[in-house]
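Single-letter residue listing:
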Amino acid sequence: MAVPGSDWWRGAVIYEIYPRSFRDTNGDGVGDLAGIAERLAHVADLGADAVWITPFYRSPMDDFGYDVADYREVDPVFGALADFEALAAEARRVGLKLLVDFVPSHTSSAHAWFVESRSSRHNPKADWYVWADRKADGTPPNNWLSVFGGPAWQWDSRRRQYYLHNFLASQPDLNLHNPEVQDALLSEMRFWLDRGVAGFRLDALNFGMHDPQLRDNPPAEDPSLSEHPLTNPYAYQRHLYDKSRPEMPAFLERIRALLDGYGATTSLAEIGDDSLVTLKLMGDYAGGGNRLHMAYGFEFLGSRFSPRFVRDTLARHAEVAGDAWPCWAFSNHDCMRHVSRWMRPGEDPAALAKLAAGVLLSLRGSVCLYQGEELGLPEADVAFEDLQDPTGRTFWPDYKGRDGCRTPMPWDDAAPNAGFGGAGRPWLPVPPAHLPLAVSRQHGDPGSVLAFYRAALAARRLSPALVAGAFEVLEAGDALLALRRSVDGEEIVCVFNFGEAPVETSLVESGDVLLSTGGEGARLEPRGVRWMKVV
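Described below are features of the structure shown in this document.

So, the pattern of salt bridges
In this structure the tally under the stated criterion is 37 salt bridges. Ionic pairing is found between R39 and E38, a salt bridge with its closest N-O pair at 4.0 Å. Relative accessible area serves as the criterion here: at 26%, R39 is assigned to the partly exposed category. Salt bridges linked by common partners bring D63, D334, D389, R402 and R406 together as one network.

Listed below in structure tokens is the structure:
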């Protein structure tokens, strides 16, 4: 029997918080859990249903928390377990579900599991990570590459073997083929479920299993389809054997069974693979009702944003993902902010930000919004000497890494560090270009990007058709994207003008206007948005 409210995640809007950059309450230059609690009312007022908090566990911070040294401890830079409990209580008070990031594919090399595993070839955790013998000439066992540059294998002199790391060498890959490892991870998840979290975002999930035969990856047929820049050699392989393995869904069924035992919970898989692979994996990972609740890929995290691309992506998902519930995102902590990715030379960034919000919040599925997206923040230009991200330092200057989307949240343009906290230098500089976009400047301005997001989320929340209704792509010409959302007699038509000139369309002539960026009658302005309730 379904738990009352157990489908709350269908159509939910999930606000992603990057703790280091959200709000610093102790003046050390790094955001903390207390800072998140202090500002949760902003997220609730925006109209989100849940927050997803990226890793805050104990970590050496080589990859800023995605290298977990202990899944059950809060890293001191973010506070203590009591701060998490206070945060959870505040989330309940303001009516937000709380999701935490969980990293099942790898740990830090400082984790006690890996310390034991590398100590010998015959200890109880010897097979908890992916170990392999060298080739006869001493080289790694195959040609697999790390996402962060170089081979995916690191030599360990104690075991005289190589271990696998899909990311940094200090992030060894867990061996999820081992049932004991699966049991251990489920136990770590249970720890947080017992503390009231409503579910998990599962990081880099398709990296969790590898080919036990360790076969070489073949060359990529078309490297341009990779989600990685061509400056990274990772783009030039077809990743058949080092990730996205068919054995993974059986483990996901174990995760779902755990979550179902806690009632109205949810799970969100991150899938990072070539665009043609990702949509199928969304079906494999979140289909059938006995695996994860939903999944998202990188379809809209690249440079393409046009009516045709949106139509094609939605059609491919419907074709290959089956009944899997999607979650869509245009920005996150790992990619350039979409206002900068998609902006044309000389155009108004606020108009683009509103167009993107209108499209994203009209799609069938759940939605992830990244902190600052509701302000229309552009990508920050971080100087080389200020870079913190290891990928940026490795691939500079052709790829500047992820720091440009991770700069501190601008709360108050008149306060030190834009209200992020502290009088000293924060871990990343506050971009001057973000000051005019601060919450303090946009709050109360009916024409602001923030006001538009609030209006869009309010309209979506009140419309069953927009939350979870069926969708249909309507014929509308090259410059327009038009979607029909419907359920139980309610019908919403959403039309978007991607072009640089006004367009006349009968699709917006009649009905009740739920959301608009302006224009009257059949006229839709450049970069214009109109949501209409058919009456």
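From this point, the discussion proceeds with the structure in view.
Examining the environment of S486
Of note, S486 is situated in strand β15 (residues 480-487). A residue is classified by how much of its surface remains accessible, and S486, at 28% relative accessible area, is partly exposed. Counting along the chain gives 15 residues from S486 to F471, while the straight-line C-alpha distance between them is 6.6 Å.

With respect to the nonpolar core
Y15, F56, F200, F305 and W531 are the most contacted members of the largest nonpolar core, which totals 123 residues. No other element matches helix α4 (residues 179-193), which puts eight residues into this core. Core analysis: the second largest hydrophobic core is formed by 15 residues, A50, A198, W325 and A329 among them.

Section: the pairing of strand β9 (residues 199-202)
Alternating positions in β9 separate into two faces, G199 and R201 on one and F200 and L202 on the other, with burial throughout. Here four bridges tie strand β5 (residues 97-102) to β9, and the two strands are oriented parallel to one another. In the strand pairing of β9, D101 is matched with R201. In the classification by handedness, the crossover that spans β9, the intervening helix α5 (residues 248-260) and the parallel strand β10 (residues 266-270) is right-handed.

What about the sheet that holds strand β7 (residues 153-156)?
Sheet architecture is open: three strands sit in the order β6-β8-β7, paired in antiparallel fashion. What marks the edges here is a single partner per strand, and that holds for β6 (131-132) and β7. Note that β6 and strand β8 (residues 161-164) share two bridges and pair antiparallel. What sits directly across from A132, in β8, is Y162.

Reading the values: the criteria
Residues numbered from 1 in each chain as written. Predicted model: local features only at pLDDT ≥ 70, side-chain atom pairs only at ≥ 80, totals over all residues. Heavy atoms only, no water. Salt bridge = Lys/Arg side-chain N within 4 Å of Asp/Glu carboxyl O. Buried < 20%, exposed > 50% of the residue type's maximum accessible area, 1.4 Å probe, protein only. Helix = DSSP H or I, 4+ residues; strand = E, 2+ residues; numbered from the N terminus. Core = buried A, V, L, I, M, F, W, Y, C linked by side-chain atoms within 4.5 Å. Pairing = 2+ DSSP bridges. Right-handed = clockwise from strand over helix to strand, strands pointing away.

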